[in-house]
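What follows is the residue order along each chain.
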Amino acid sequence: MSTAPPPRRCPCASNGSRPGPPTGASPRACDLLLPRRFFGPELLPLWRWKGRSTLAGDDRVAEIRIGQQYLTLALRTDIDGEGSVGFEVLLPCPFDDECDGEAWAPAHTVTDLWAALTGDRDPDIICTAHGPFNEAAPDSGDTIQLVP
């Protein structure tokens, strides 16, 4: 009679527990598993975990530095309300150049990071001051309007 192998344990955790969201500022091998899965191994040398941030709603924040430019990403641990994990990239407000609000856009692939660096606007951007775009506004036909 054979038994199932024990679940894989995180080699980084001292207590042998399974990997979860990163908790410290110094990276462990398992801290880089999610960035590697989302964005590929080429980005890992540029990746730095920064800790939790009130800017990101107390979620874990990372920074990707490319020369003097950088992107700030938030690790979201419950994107869809069902516990799915993903990243969002911090962008300037797309609605008003003078806005002090932050805008967060989904970052699923390295292409999304490139779009954030080059200024391409994502329709899923949500500004903390203005809210998201609502493309299906019932009273305005096909026009795009801000949702309060």
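Please refer to the structure placed before this passage.
So, here's what we can say about the structure. All values reported here derive from a predicted model rather than from experimental measurement.

### Let's talk about helix H2 (residues 110-118)
Residues of H2 that are buried include every one of Leu-113, Ala-115 and Ala-116, and no others. For H2, the arc enclosing every buried residue in end-on projection is 160°, short of the 170-degree limit, so these residues lie on one face. The outward face of H2, more than 90 degrees from its buried face, is lined by the exposed residues Thr-111 and Trp-114. Buried residues in H2 make contact with helix H1 (33-39), strand S2 (59-66), strand S3 (69-76), strand S4 (86-92) and strand S5 (102-107).

### Regarding the packing of aromatic side chains
Summed over all chains, the structure comprises 7 aromatic pairs. Taking 5.9 Å as the distance between ring centres and 45° as the angle between the ring planes, the aromatic pair formed by Phe-38 and Phe-39 counts as tilted. What links up through ring pairs into an aromatic cluster is the set Phe-38, Phe-39, Trp-47, Trp-49 and Phe-87. The ring of Trp-104 has Arg-76 sitting right over it, with the charged end atom 4.8 Å from the ring centre.

Rules used in this analysis
- Residues numbered from 1 in each chain as written.
- Predicted model: local features only at pLDDT ≥ 70, side-chain atom pairs only at ≥ 80, totals over all residues.
- Heavy atoms only, no water.
- Buried < 20%, exposed > 50% of the residue type's maximum accessible area, 1.4 Å probe, protein only.
- Helix = DSSP H or I, 4+ residues; strand = E, 2+ residues; numbered from the N terminus.
- Arc of directions from axis to C-beta.
- Contact = heavy atoms within 4.5 Å.
- Phe/Tyr/Trp six-rings, centres within 6.5 Å; stacked < 30°, edge-to-face > 60°.
- Lys NZ or Arg CZ within 6 Å of the ring centre and 35° of its normal.

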